[in-house]
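Reading the structure
The lines below spell out each chain.
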Amino acid sequence: PGQEVSVKLLGALEDGGLVERDPRLTFVPGHGDVVQALELGVPTMQPGEVSFFLAAFPYAYGRPGSREPDVPPEAPLLFEVTLLEVRDGPDPQPLPPAVRLRLGSQRRDRGNFHFARGDFAAALRSYRLSLRALDGPATAPPGPEEEEELREQRVKCLNNCAAAELKLGRAEEALAACEAALRISPDNGRALLRRGQVGLASLQPAPPPSARPCSHPPLLSPQLLAQQGRDAEASLVLRRALELDPASKVIHTELSRLAKRQSPTSSS
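Residues numbered from 1 in each chain as written. Predicted model: local features only at pLDDT ≥ 70, side-chain atom pairs only at ≥ 80, totals over all residues. Heavy atoms only, no water.

**Description of the environment of Gly 143**
Which entries qualify depends on this criterion: Secondary structure elements follow DSSP: runs of H or I of four or more residues count as helices, runs of E of two or more count as strands, with numbering from the N terminus.
Relative to the elements of secondary structure, Gly 143 occurs in the loop between helix 3 (120-134) and helix 4 (144-167). For the pair Gly 143 and Pro 97, spaced 46 residues apart in the sequence, the C-alpha separation amounts to 8.4 Å.

**A word on the sheet that holds strand 4 (residues 77-87)**
This is how the line gets drawn: Being paired, for any two strands, means DSSP has found at least two bridges between them. Angular values range over 0 to 180 degrees, each being the angle between N-to-C directions of two axes fitted as lines to C-alpha atoms, with helices fitted over their stretch in contact.
The strand order across the open sheet built from four strands is 2-1-4-3, with neighbouring strands paired in antiparallel fashion. With partners counted over all chains shown, the strands left at the sheet margins are strand 2 (18-27) and strand 3 (50-55), one partner each. On average, adjacent strands in this sheet sit at an angle of 20° to one another, irrespective of strand direction. As paired strands, strand 3 and strand 4 are joined by six bridges and run antiparallel to one another.

**Thoughts on the confidence of the model for the protein chain**
Short version of the rule: Scored from 0 to 100, pLDDT records how confident the predictor is in each individual residue. In this description, contact between two residues means that some pair of their heavy atoms is separated by no more than 4.5 Å.
With 71% of its residues at a pLDDT of 70 or more, the protein chain has an overall mean of 79. Model confidence for the protein chain, summarised as mean pLDDT per element, is weakest for helix 7 (residues 222-227) at 42 and strongest for strand 3 at 97. Confidence drops under a pLDDT of 50 for residues 200-229, and excluding neighbours within four residues, the segment shows 58 contacts in the predicted structure.

**Structural notes on the side chain of Arg 154**
Stated formally: In protein, a polar contact means a hydrogen-donor-capable atom and an acceptor-capable atom, both N or O and within 3.5 Å, with residues adjacent in sequence counting only if both atoms are side-chain atoms; elsewhere, any N or O pair within 3.5 Å suffices.
You can see Arg 154 is positioned in helix 4. Reaching out from Arg 154, the side chain makes a polar contact with the backbone oxygen of Leu 134 at a distance of 3.4 Å. When near neighbours in sequence (up to four residues on either side) are disregarded, Arg 154 contacts Arg 100, Leu 131, Leu 134, Asp 135, Glu 147 and Ile 184.

**A look at unusual backbone geometry**
For the bond running from Glu 68 to Pro 69, omega is 5°, close enough to zero to count as cis. Structurally, Pro 69 can be placed in the loop between strand 3 and strand 4. Phi angles above zero are rare outside glycine, and Glu 74 is one such case at about 55°. With respect to the helices and strands, Glu 74 occurs in the loop between strand 3 and strand 4.

**A short note on the packing of helix 2 (residues 97-116) against helix 3**
This is how the line gets drawn: By the definition adopted for this analysis, an angle is roughly parallel if under 35 degrees, roughly antiparallel if over 145, roughly perpendicular if from 65 to 115, and oblique otherwise. Under this grouping Gly is polar, as are all residues other than the nonpolar Ala, Val, Leu, Ile, Met, Phe, Trp, Tyr, Cys and Pro and the charged Asp, Glu, Lys and Arg.
Relative to each other, helix 2 and helix 3 sit at 170°, their axes nearing to 8 Å. Considered as vectors, helix 2 and helix 3 are oriented roughly antiparallel to each other. On helix 3, the residues that touch Arg 100, Leu 101, Leu 103, Gly 104, Arg 107, Arg 108, Arg 110, Gly 111, Asn 112, His 114 and Phe 115 of helix 2 are Phe 120, Ala 122, Ala 123, Ser 126, Tyr 127, Leu 129, Ser 130, Ala 133 and Leu 134. Residue classes in the contact of helix 2 with helix 3 are distributed as 10 nonpolar, six polar and four charged.

**A word on the pattern of salt bridges**
Going by this rule: When a carboxyl oxygen of Asp or Glu is within 4 Å of a side-chain nitrogen of Lys or Arg, the pair counts as a salt bridge. Accessibility here uses a 1.4 Å probe with only protein chains present; expressed as a share of the type maximum, an area under 20% marks a residue as buried, one over 50% as exposed, and anything in between as partly exposed.
Following the criterion strictly, the structure yields eight salt bridges and no others. Here Arg 154 makes a salt bridge to Asp 135, at a shortest N to O gap of 2.5 Å. Linking Arg 154 in helix 4 with Asp 135 in the loop between helix 3 and helix 4, this pair joins segments that are 19 residues apart in sequence. Accessibility expressed as a relative area gives 16% for Arg 154, which makes it buried. A salt bridge links Glu 148 to Arg 151; the nearest nitrogen and oxygen atoms lie 2.7 Å apart. With a gap of three residues between them, Glu 148 and Arg 151 both fall in helix 4, about one helical turn apart. Looking at Glu 148, the relative accessible area reads 33%, which means it is partly exposed. Among the residues examined, Arg 151 registers a relative accessible area of 26% and is labelled partly exposed. Connected through shared salt-bridge partners, Glu 4, Arg 24, Glu 85 and Arg 87 make up one network.

**Topic: the packing of aromatic side chains**
Selection rule: In this analysis, rings of Phe, Tyr and Trp, with Trp reduced to its six-membered ring, are considered paired at centre separations within 6.5 Å, and the interplanar angle assigns stacked below 30 degrees, edge-to-face beyond 60, and tilted for intermediate values.
Under the definition given, this model contains two aromatic pairs. Seen in terms of ring centroids, Tyr 61 and Phe 113 are 6.4 Å apart; in terms of plane orientation they differ by 90°. Their pairing is edge-to-face. Linking Tyr 61 in the loop between strand 3 and strand 4 with Phe 113 in helix 2, this pair joins segments that are 52 residues apart in sequence. By relative accessible area, Tyr 61 is classed as buried at 6%.

**What to know about the environment of Asn 112**
With respect to the helices and strands, the residue Asn 112 is situated in helix 2. For the pair Asn 112 and Asn 160, spaced 48 residues apart in the sequence, the C-alpha separation amounts to 8.2 Å. Setting aside its immediate chain neighbours within four residues, Asn 112 contacts Tyr 127 and Asn 160. Polar contacts involving the side chain of Asn 112 include one to the side chain of Asn 160, which spans 3.4 Å.

**A short note on the side chain of Ser 66**
Positionally, Ser 66 belongs in the loop between strand 3 and strand 4. From its side chain, Ser 66 meets the backbone oxygen of Pro 69 in a polar contact 2.9 Å long. If we ignore the near neighbours within four places in the chain, the residues touching Ser 66 are Tyr 61, Val 71 and Phe 113.

Encoded structure:
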């Protein structure tokens, strides 16, 4: 577990049509970077071994298939895999900032792949691995441009974590991801929007401020504010996001939902 492997990969459909060819695919089994057939099969191999894995569609690209590679819905695949190399994974080792950025971007992209397919647990795992790479030890301090890019990638990952947590129905975890993003970028419109969505999705009370230390005053979610009779403040969170992105239809929709929820109890 945690070791990194490099394989030569061919993937074909039942009719023999080749859909994947990679002379050197590198991944860490268990990190969700490849289809499950490879996650499960490659750890059974020895370096230099050639194996064939016939993967039913749940272990390949699932019920929807894939656009890239071009795999039809519910398609089984035959993989020819040559295990080229096994080595210790890169995460525990100090890495140059450029490598941290590359790993972080690759894992976030994989998370987006899982998210688009509706596998939100796998998406969340990939986003967390992306954050782990971005926050990992470095061989040298990043330059100004690298530091800014690291910061931007962290915020994107945290916003994606919040979106995945919301899809999984875990409002408190989504709220924590929003707050972490806002600690890095207090005026990040997407993080503010996610915070508003968290409030509208959950009726659970927020944990006490002492349990969630942060470097800026916490922004309570709209529904939690409304529960305290602070409806005006509830809309401010989403309106602040709207100021940053006036054309966002999503923010307008969330504000409308908040207004409709408030209307039955509003005073005449």
